[in-house]
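Chain by chain, the residues run as shown.
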Amino acid sequence: MTPPSLLLARLRDTAPLVQCITNYVAMNITANVLLAAGASPAMVHATEEAGEFAALAGATLINIGTLSADWREGMHRAAESARAHGKPWVLDPVAHQATTFRRATVAGLLALHPTLIRGNASEIIALGGGSSQGQGVDSGDPVEHAAALARAVARQHGAVVAVTGAVDYVSDGTRAAWVAGGSPLMPRVTALGCALSALCAAFAAVAPREPFAATVAALALFGAAGRIAHEAAAGPGSFAVAFLDALPGVNGAALDALVTYENASLAAPDQP
Ligand SMILES: Nc1ncnc2c1ncn2[C@@H]1O[C@H](COP(=O)(O)OP(=O)(O)O)[C@@H](O)[C@H]1O
Ligand SMILES: Cc1ncsc1CCOP(=O)(O)O
Ligand SMILES: [Mg+2]
């Protein structure tokens, strides 16, 4: 599989266009994170244009953080169009376990075959049918408790599944990897997880046939930039600024060093 360092170089060289259908909290930091990483964000969610735009973008992110009925229709059109045009799309099922509306929306989106799903441990445990300790958008579970369910969800939906927290886990149902790095200040800055899901879309845009490798690269870039920002930060506020400042300068080799593959012999290229 293509290593994170090469995918980062490709992303910086090509500045992929990423359609973000994301929540009001996350829009600004998501656009800034994508720009700092080297991608080109566009927040396009209206029902009238979401499908048309998904055909133009390199990849699409669908995040249900501040959901409403009309946004849901735009999400469906974007997911259907992305699939029809062979473009990867990423699902961030924010707090989907909290309400009937969110659970039903996520069920409808899963039926449209996301390429990749990224959530915190509580969200992924709930997706796998487990009982989670999450409260609202925040996780209350360790990633280690979500790993087996993540693998099962990946198999069930034919998607790559990423679980984030103190250490990150990613599986496509067969292969799996753990990604280190980051900072305990990250969950204290709102919407960094949402921004990470958008970054997964950006990497998927430059590696559309390698969604597992793309996800590993996105997690590793966050891990590496998070470590750098932690050294410079006095608290969550300065961390957010330091994190944006760190992203453009992260060295590709630092990404590769953060990844441990569960079964290295399975780390082959994804299907063409
Ligand atoms: N305790 C922690 N230590 C290091 N990194 C963390 C920690 N908690 C979260 N992160 C990082 O923060 C980012 C967002 O993950 P997370 O907080 O799980 O998502 P969400 O915001 O959706 O709940 C990820 O890069 C993750 O690795
Ligand atoms: C606070 C909040 N409320 C609805 S969406 C949102 C942002 C959640 O961001 P993240 O999932 O990255 O913590
Ligand atoms: Mg989240």
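Structure's up top.
Residues numbered from 1 in each chain as written. Chains lettered and ligands numbered in written order. Predicted model: local features only at pLDDT ≥ 70, side-chain atom pairs only at ≥ 80, totals over all residues. Heavy atoms only, no water.

Caption draft 1: Expanded view of the site of ligand 2. Within the structure, ligand 2 sits among Asn23, Val25, Gly65, Val137, Thr190, Ala191, Leu192, Gly193 and Cys194. Here ligand 2 has 380 Å² of accessible area as a free molecule, and 78% of this is covered by the chains. Among the residues forming the shell around ligand 2, the class breakdown is five nonpolar, four polar and no charged. (Near = heavy atom within 4 Å. Areas by Shrake-Rupley, 256 points an atom, 1.4 Å probe, with all protein chains shown as cover. Nonpolar A, V, L, I, M, F, W, Y, C, P; charged D, E, K, R; others polar.)

Caption draft 2: How the structure looks around the packing of helix H1 (residues 4-14) against helix H9 (residues 211-232). Two elements in contact, H1 and H9, have axes separated by 9 Å at closest approach and are oriented at 85°. When the axes of H1 and H9 are compared, the pair comes out roughly perpendicular. For the pair H1 and H9, the contacting residues are Pro4, Leu7 and Leu8 in the first and Ala213, Ala214, Val216, Ala217 and Leu221 in the second. (Axes fitted to C-alpha atoms, helices over the stretch in contact; angles between N-to-C directions. Helix = DSSP H or I, 4+ residues; strand = E, 2+ residues; numbered from the N terminus. Parallel < 35°, antiparallel > 145°, perpendicular 65-115°, else oblique. Contact = heavy atoms within 4.5 Å.)

Caption draft 3: Representation of the nonpolar core in the model. By size, the foremost hydrophobic cluster in this structure holds 98 residues, and its most contacted members are Ile117, Leu199, Phe203, Leu221, Phe222, Phe239 and Phe243. If we ignore the near neighbours within four places in the chain, the residues touching phenylalanine 203 are Leu7, Leu8, Leu11, Ala214, Ala217, Ala218 and Leu221. (Core = buried A, V, L, I, M, F, W, Y, C linked by side-chain atoms within 4.5 Å. Buried < 20%, exposed > 50% of the residue type's maximum accessible area, 1.4 Å probe, protein only.)

Caption draft 4: Structural detail: helix H2 (residues 27-37). Along H2, the residues classified as buried are Ile29, Thr30, Ala31, Val33, Leu34, Ala36 and Ala37. Against H1, strand S1 (17-21), strand S2 (40-43), helix H8 (192-206), H9 and helix H10 (236-246) lie the buried residues of H2.

Caption draft 5: Region of the structure containing the pattern of salt bridges. One pass over the full model with this rule turns up four salt bridges. For the salt bridge of glutamate 262 with arginine 151, the shortest nitrogen-to-oxygen distance reads 2.4 Å. Pair noted here: glutamate 262 is in the segment after strand S9 (259-261) and arginine 151 is in helix H7 (residues 147-157), with a separation of 111 residues, a long-range link. The partner of aspartate 172 in a salt bridge is arginine 175, with the nearest N and O atoms 2.8 Å apart. With a relative accessible area of 10%, arginine 175 lands in the buried category. (Salt bridge = Lys/Arg side-chain N within 4 Å of Asp/Glu carboxyl O.)

Caption draft 6: Quick peek at the site of ligand 1. Near ligand 1 you find 16 residues, and of these Arg118, Asn120, Thr164, Asp168 and Ser183 are the closest. One of the side-chain N or O atoms of threonine 164 is found 2.8 Å from an oxygen atom in ligand 1. In the environment of ligand 1, an oxygen atom lies 3.1 Å from a nitrogen or oxygen atom belonging to the backbone of glycine 165. Elements that contribute at least two residues to the shell around ligand 1 include exactly strand S5 (116-120) and H8. Among the residues making up the shell around ligand 1, the classes are represented as seven nonpolar, seven polar and two charged. (Polar contact = N/O pair within 3.5 Å; in protein donor to acceptor, adjacent residues only side chain to side chain.)

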